[in-house]
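If you want the building blocks of each chain, they are given just below.
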Amino acid sequence: MLLINEALVSPFKFWSTGQIQQGMRFRNELFRYIAKFERTHRQQAFDLAWIHSQNDASVVVTVTQLHYTVWESLRSFNPSPQASSTGSDLRILLDQIEDDIKLKVID
């Protein structure tokens, strides 16, 4: 996991799973948007990044004066969780944590 200033990334949009997604480029790597957190919810941002990194995904957390944003490498992205080669227990844990922090996530 890498923490970087959001001013150092290049945002873009892409089409996936039937909708337009947010993405960013950093050091010739493409990432997809996972979630955004207010600065006061730093720990939740890092918890979510850690969970995504457990699937051997490249994860970046960008930071501004107002928020943290979690990004996952598009190389790691599997739009169908059922097709994932990782254990279903990790997917269940990820879903539970994401549900728990939804109220704290900024859209």
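For the structure, check the block above.
Residues numbered from 1 in each chain as written. Predicted model: local features only at pLDDT ≥ 70, side-chain atom pairs only at ≥ 80, totals over all residues. Heavy atoms only, no water.

K.L.:
Help me understand the packing of aromatic side chains, please; the structure alone is not making it clear to me.
P.N.:
By convention here, two paired aromatic rings are described through the distance between centres and the angle between planes. Under the definition given, this model contains three aromatic pairs. When the centroid spacing of 5.9 Å and the interplanar angle of 80° are considered together, the rings of Tyr33 and Trp71 count as edge-to-face. With a gap of 38 residues between them, Tyr33 in strand β4 (residues 29-38) and Trp71 in strand β6 (residues 67-73) connect regions that are remote in the sequence. With a relative accessible area of 17%, Tyr33 lands in the buried category. (Phe/Tyr/Trp six-rings, centres within 6.5 Å; stacked < 30°, edge-to-face > 60°. Helix = DSSP H or I, 4+ residues; strand = E, 2+ residues; numbered from the N terminus. Buried < 20%, exposed > 50% of the residue type's maximum accessible area, 1.4 Å probe, protein only.)

K.L.:
Quick question: what am I supposed to make of the pairing of strand β3 (residues 19-26) here?
P.N.:
Consecutive side chains along a regular strand alternate between the two faces of the sheet. Where strand β2 (residues 10-16) and β3 come together, seven bridges link them in antiparallel fashion. Directly across from Phe12, in β3, lies its bridge partner Gly23. Linking β2 to β3, which pair antiparallel, is a turn of two residues; within it Thr17 sits at a positive phi near 50°. In this structure, β3 lies alongside β4, joined through four bridges in antiparallel fashion. Bridge pairing in β4 links Arg25 to Leu30. Once β3 ends, the chain turns through two residues before running back antiparallel as β4, passing Arg27 with a positive phi of about 50°. (Pairing = 2+ DSSP bridges.)

K.L.:
Mind showing me how you'd approach the pattern of salt bridges here?
P.N.:
A side chain with one charge can pair with a side chain of the opposite charge if their charged atoms come near. Under the counting rule described, the total for this entry stands at two salt bridges. The partner of Arg75 in a salt bridge is Glu29, and the shortest N-O contact between them spans 3.0 Å. Separated by 46 residues along the polypeptide, Arg75 in the loop between β6 and α2 (88-101) and Glu29 in strand β4 bring together distant segments of the chain. Residue Glu72 pairs with Arg32 through a salt bridge whose shortest N-O separation is 3.2 Å. Residue Glu72 is found in strand β6, and its partner Arg32 is found in strand β4; the two are separated by 40 residues along the sequence. (Salt bridge = Lys/Arg side-chain N within 4 Å of Asp/Glu carboxyl O.)

K.L.:
Hey, could you run me through helix α1 (residues 42-53) in this one?
P.N.:
Helical geometry note: an α-helix holds 3.6 residues per turn, so side chains three or four residues apart project in the same direction. In this model α1 runs 17 Å from its N-terminal to its C-terminal C-alpha over 12 residues, within 8% of the 16 Å that 1.5 Å per residue would give. Within α1, burial applies to Gln44, Ala45, Phe46, Leu48, Ala49, Ile51 and His52. (Expected span 1.5 Å × (residues − 1).)

K.L.:
Explain the pairing of β6 here, please?
P.N.:
Among the seven residues in β6, seven count as buried, and that is most of the element. Of the two faces of β6, the one holding His67, Thr69, Trp71 and Ser73 and the one holding Tyr68, Val70 and Glu72 are both buried throughout. Looking at chain direction, β4 and β6 are connected through seven bridges and run antiparallel. The partner of Ala35 across the bridge, within β6, is Val70. Pairing between strand β5 (residues 59-63) and β6: five bridges, direction antiparallel. The residue bridging Val61 from the neighbouring strand is Val70, located in β6.

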